[in-house]
Amino acid sequence: MTDIIETAKRARKAGYDFALLSTSKKNEALHTIASMLREASDEIFEINKKDVENARAKGLNEAMVDRLTFTKSRFDEMVDGLDKVAALADPCGKTFDGRVLPNGLEVVKKSVPFGVVGVIYESRPNVTVDIAGLCLKSGNACLLRGGSEAFNTNSLLHSIITKALEKCGINPDGVSFVDSTDRELVGTMLSLDQYIDVLIPRGGEKLQRMCQRESSIPVIIGGFGISHIFVDESADLERSVDIIFNAKTQKPSACNSLDTLLVHEKIADKFLPMVLNKLKEKEVVVLAHDDAFAKCGNYPFLEKGSAEDFDREFLSLKMNVRIVPDVYEAITHLRVHNASHSDSILTDSRRNAELFVKSAGSACVYVNASTRFSDGGQFGMGAEVAISTQKLHARGPMALQELTTYQYVCSGDYIYRH
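Residues numbered from 1 in each chain as written. Predicted model: local features only at pLDDT ≥ 70, side-chain atom pairs only at ≥ 80, totals over all residues. Heavy atoms only, no water.

Engineer: Help me understand the sheet that holds strand β1 (residues 95–100), please; the structure alone is not making it clear to me.
Structural biologist: In sheet architecture, strand pairing relies on hydrogen bonds along the backbone and comes in two forms, parallel and antiparallel. Taken together, three strands build an open sheet; the order of strands is β1-β2-β16 and the sheet is antiparallel. Of all the strands in the sheet, just β1 and β16 (404–411) have a single pairing partner and so form its edges. Ignoring strand direction, the axes of neighbouring strands in this sheet form an average angle of 25°. Examined bridge by bridge, strand β2 (residues 106–113) and β16 share eight bridges and lie antiparallel to one another. Each residue of the ladder has a partner; that of valine 107, found in β16, is cysteine 410. (Pairing = 2+ DSSP bridges. Helix = DSSP H or I, 4+ residues; strand = E, 2+ residues; numbered from the N terminus. Axes fitted to C-alpha atoms, helices over the stretch in contact; angles between N-to-C directions.)

In structure tokens, the structure reads:
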């Protein structure tokens, strides 16, 4: 127990140092980390392969194994993300809402770092690098606790990051890592509100709800939620097929992959055979509900869906299909079934598009686009800490600006209140 507390104390102290770093120093460190990761790529891939083999041997589900696995493209995207973050504007020190009051006091709001960002995450080793880079650029220290399935990969990545910081003359405790797989340490971490300013869990709903329930630290939740696409009667059906295929199959284990397809009843007879013919290429299992089952005909991977399936985040090549009478019923379905992440309408009706956008409670809502765009890199923000699905402070991809808070800076000419 003492070790994690001491680690958090050191991260807190390093947070004061990170808040004072110049933009040029931060960028130097980001480029150095990227360079050293590229140089160590062979070793990283070798260690990651062992973690993947161990995960499969332990029977982890394919979604977790997929998220754990470094491919060349994923590794390059992760490392290139550091250079992209370095190219972005520094979010710290921005002033806004400035004014001079009648009493002579000049008041401005200035963006400042949180201090220490704690992150608990599962499976994805890229999170170690993404968080370190974003926190460094935003002037925050971070305390990272990855999952046991990726422990060896995360440990190696962390060691490379700290060596890069030391090389640049920066306090390496600013990127701290819980170097143990002891689950009891998670509970301890959740109680360290005197050292950690904000906690961001990255993982399944069970992890996030546990953190939300047990943490004494403010928690930003996100990264899970049921994603929907509604195909309106006015949609371009051929182009809609490609969007649905992309949203479901481009990366099935992603939190923004399609879970439920809603189809307007007036186009169902024509559209369902079109989209199923495409989904068949990837052997997507379709859970058809009510009238949709009969209309899906002889699709080889067809199953009857149950009401509970509408509340499942599949993270695999499986999805619901339901026929609805109009856009209003589609919106009602979203409200009932946890549409808080990424949801889309495919339509050529401006009225229905505006109605859907205004009515959806999603952090990211799309018109005629795939839900797979919900990503910090795709939004031009560089990497992301998480995709927040809550409504306070930050929503959607959390990047640099969302890792700052603000303070009021008040200046006067030796004035006092009468």
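So, next bit.
Engineer: Whenever I open this one, the packing of aromatic side chains confuses me. Can you help?
Structural biologist: Two aromatic rings, taken as a pair, are described by how far apart their centres are and by the angle between their planes. Inspection of the entire model under this criterion finds seven aromatic pairs. Seen from their ring centres, phenylalanine 45 and phenylalanine 75 are 5.2 Å apart, and the 50° between their planes marks the pair as tilted. Note that phenylalanine 45 is positioned in helix α3 (residues 41–57) and phenylalanine 75 in helix α5 (residues 72–87), a separation of 30 residues in sequence. Judged by relative accessible area, phenylalanine 45 falls into the partly exposed class, the value being 25%. For phenylalanine 75, a relative accessible area of 4% puts it in the buried group. For the pair tyrosine 299 and phenylalanine 301, a centre-to-centre distance of 5.8 Å together with 75° between the ring planes defines the contact as edge-to-face. Of the residues examined, tyrosine 299 reaches a relative accessible area of 8% and is grouped as buried. (Phe/Tyr/Trp six-rings, centres within 6.5 Å; stacked < 30°, edge-to-face > 60°. Buried < 20%, exposed > 50% of the residue type's maximum accessible area, 1.4 Å probe, protein only.)

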